[in-house]
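Chain residues, written in single-letter form:
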Amino acid sequence: MDTDATEPAQPRPDEDRTSEPDTADVGSAFGPVGVVGAGAMGAGIAQVAATAGHAVSLVDAAPGAAAAAVERIGAALSRLVDKGRLPADDAAAVLARVTPAESLDELPNCGLVIEAVPEDLDLKRRIFAELADSQPSTTVLATNTSSIDIDDIATDVADPERVLGLHFFNPPPVMELVEVVHGKRTAPAFVEHVTALMASWGKTPVRCSSTPGFIVNRVARPFYGEAQRIVESGVADAATVDWALREKGGFPMGPLELTDFIGQDVNLAVGTSVWEQTDRDERYAPTNFQRDLVAAGRLGRKSGAGVYTYAADGSAQDAEPDLELAGRLVGGPIATDPLARTLAMLVNEAVDLVARDEASADDVDTAMRLGVRYPKGPIEWGREIGFDLVARQLAELDEAFPGGRYRPSPALTDGSLT
Ligand code: NAD
């Protein structure tokens, strides 16, 4: 399954912060890093690797694109210097470590190659086959894919145990989280190795299997889906639902305003990708509410209108919450409580992922706090609410809205998570 869909993280106040590597020596000892694809992600990843002390070769198929990316990296480093966050000498040294290349053949022998070309399975498969031939057998081959199965990408690699996912978040120099994704054939030793390397780059790595959406894009689905369903059913308007999640739940943005920020088309594509990859499991079914927005060209902030309509100064026009209604809904019956209903579904999704051994509870919580800035990890939240209560809430929702979307994970009540 391939899609271009990737959800950017929520905006943060300080977009120019750079991660400080803990031990640049570990990184440089690992050897040169190759980055294939010098777009938004590839350039950012190259900057991170060079900052950690690696010689980095950046390849792009489009003539001049790698050189242009090196220029962009130079500009980003200069901004850090201007803000007093990086000494000018260090910036020059980092930039000097990044070299543009025009083809995969021009890459030196690398310890690690990270692919960041568009989200197209055939393209990625071809690149991995070529890298497997041209790089030494000890080179770890990583993909920054957001949604494609790691084993599919490794199909034409003779030794797929060295293929894994390194899912950076946008923008890579700012976002701390990296999902280290193992396919069925990835050797655990490579996963360990690369996890330690990411920590040495100043990142916070979490590990998961190549499950649809990995951790963040999987567990976050109901955050959007429940809000859309509540608005779609006429229980409350978008502003009231967003207010409840933001003000009562502590989320940095409400789900509906967040989808306007991400882009309704991008968010729908991610959701559809997870839904398709799970054989159209009802739990991930996209809503008609969102499909209609996309069909109407209401893509969010970028098109001037989405769930909300935006004025020229960027302010949302119809964003006044009904506080009296919110006061009645939050803490009321679960079917119409936007906060409790969303939390129950987030906890269920997280618990399910852990129960199926796709990721650890700690990694799921870390991923959601760092990747999408949830105020608490969903497993921790589940413990606070009580897994039994969450199971009862879901059973009630399942009765109110049959069809399987709200089926509780058995792990909520089998005592495996305490
Ligand atoms: P992009 O379109 O900005 O960049 C892709 C680059 O790859 C382009 O410069 C293109 O010229 C180059 N390219 C195309 N074919 C190539 C080839 N055969 N060899 C070398 N270079 C080639 O895309 P992006 O947003 O940087 O995304 C890249 C990958 O990262 C995708 O898999 C995407 O899903 C994933 N990702 C993106 C984000 C995001 O927010 N943009 C976040 C996480 C992961």
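Right, let's walk through the structure included here.

Cut-offs used in this document
- Residue positions are counted from 1 within each chain, in the order its sequence is given.
- Residues qualify for local features only when their pLDDT is at least 70, as the model is predicted, and side-chain atom pairs are given and counted only at 80 or more; totals for whole chains, interfaces and linings, by contrast, use all residues.
- Only heavy atoms go into the side-chain values, all of them from the structure, while hydrogens and water stay out.
- Relative accessibility thresholds used throughout: buried, under 20% of the residue-type maximum; exposed, over 50%; partly exposed, between the two (1.4 Å probe, protein chains only).
- A run of H or I in DSSP becomes a helix once it reaches four residues, and a run of E becomes a strand once it reaches two; helices and strands are each numbered from the N terminus.
- The arc in question is the one spanned by the directions pointing from the helix axis to the C-beta atoms.
- The criterion used for residue contact is that any of the two residues' heavy atoms lie within 4.5 Å.
- One less than the residue count of a helix, multiplied by 1.5 Å, gives the span that helix is expected to have.
- Definitions used for this entry: grid spacing 1 Å over protein atoms alone; cavity, a set of points where a 1.4 Å probe fits but cannot get out; pocket, an open set with protein on both sides within 12 Å along at least 5 of 7 lines; lining residue, one with an atom within 4 Å of a point.
- Grid points are joined across faces, edges and corners, and a volume is the space filled by probe spheres set on the points.
- Following the grouping adopted for this structure description, the nonpolar residues are Ala, Val, Leu, Ile, Met, Phe, Trp, Tyr, Cys and Pro, the charged ones are Asp, Glu, Lys and Arg, and the polar ones are all others, Gly among them.
- Axis definition: a line fitted to C-alpha atoms, over the contacting stretch in the case of helices. Angles run 0 to 180 degrees between N-to-C directions.
- Helix crossings get a hand from a simple test, with the near helix turned counterclockwise from the far one by less than a right angle marking a left-handed crossing and a clockwise turn marking a right-handed one.
- Throughout this description, the term nonpolar core refers to a set of buried Ala, Val, Leu, Ile, Met, Phe, Trp, Tyr and Cys residues connected via side-chain atoms within 4.5 Å.
- All domain edges in this entry derive from an automatic or database-based domain assignment.

## Observations regarding helix α13 (residues 288-295)
Then comes step 1: Looking only at α13, the buried set comprises F289, Q290 and L293. One face of α13 carries all of its buried residues, which in axial projection span an arc of 90°. Among the exposed residues of α13, those pointing more than 90 degrees away from its buried face are D292 and A295.
Then comes step 2: Packed against the buried residues of α13 are α9 (221-232), α11 (255-262) and α12 (264-277).

## Some points on α12
Then comes step 1: The first and last C-alpha atoms of α12 sit 20 Å apart over 14 residues, in line with the 20 Å expected at 1.5 Å per residue.
Then comes step 2: Residues of α12 that are buried: Q264, V266, N267, L268, V270, G271, S273, V274 and W275.
Then comes step 3: As for α12, its buried residues are in contact with α8 (216-219), α9, α11 and α13.
Then comes step 4: D279, located one to two residues past α12, shows a positive phi value of around 55°.

## A word on empty space enclosed by the protein
Then comes step 1: Per the counting criterion, the structure on display carries five cavities of 30 Å³ or more.
Then comes step 2: Approximately 130 Å³ is the volume attributed to the largest cavity.
Then comes step 3: Around the largest cavity, the lining comprises 15 residues; the ones closest to its centre are R221, G225, Y284, A285 and P286.
Then comes step 4: If you tally residues by element for the lining of the largest cavity, the top one is α9, at five residues.
Then comes step 5: Of the residues that constitute the lining of the largest cavity, the class distribution is five nonpolar, six polar and four charged.

## Details of the packing of α9 against helix α15 (residues 338-355)
Then comes step 1: In the contact formed by α9 and α15, the axes pass within 9 Å of each other and the chain directions differ by 145°. For the crossing formed where α9 meets α15, the hand is right-handed. Residues P222, F223, E226, R229 and I230 of α9 touch α15, and the partners they reach there are P338, R341, T342, M345, L346 and E349.
Then comes step 2: In terms of residue class, the contact of α9 with α15 is built from six nonpolar, one polar and four charged.

## A short note on the nonpolar core
Then comes step 1: Counting residues in hydrophobic clusters, the biggest one holds 88 residues, and the most contacted among them are I215, F251 and V364.
Then comes step 2: Per element, the largest residue contribution to this core is 11 residues, and it comes from α15.
Then comes step 3: When residues are assigned to domains, this core turns out to be shared by domain 1 (26-210) and domain 2 (218-412), each giving three or more.
Then comes step 4: The residues contacting V364, other than those within four sequence positions of it, are I215, V219, A350, L353, V354, A359, P378 and I379.
Then comes step 5: Judged by nonpolar contacts, the second largest core, of 38 residues, contains V56, L80, L164 and L197.

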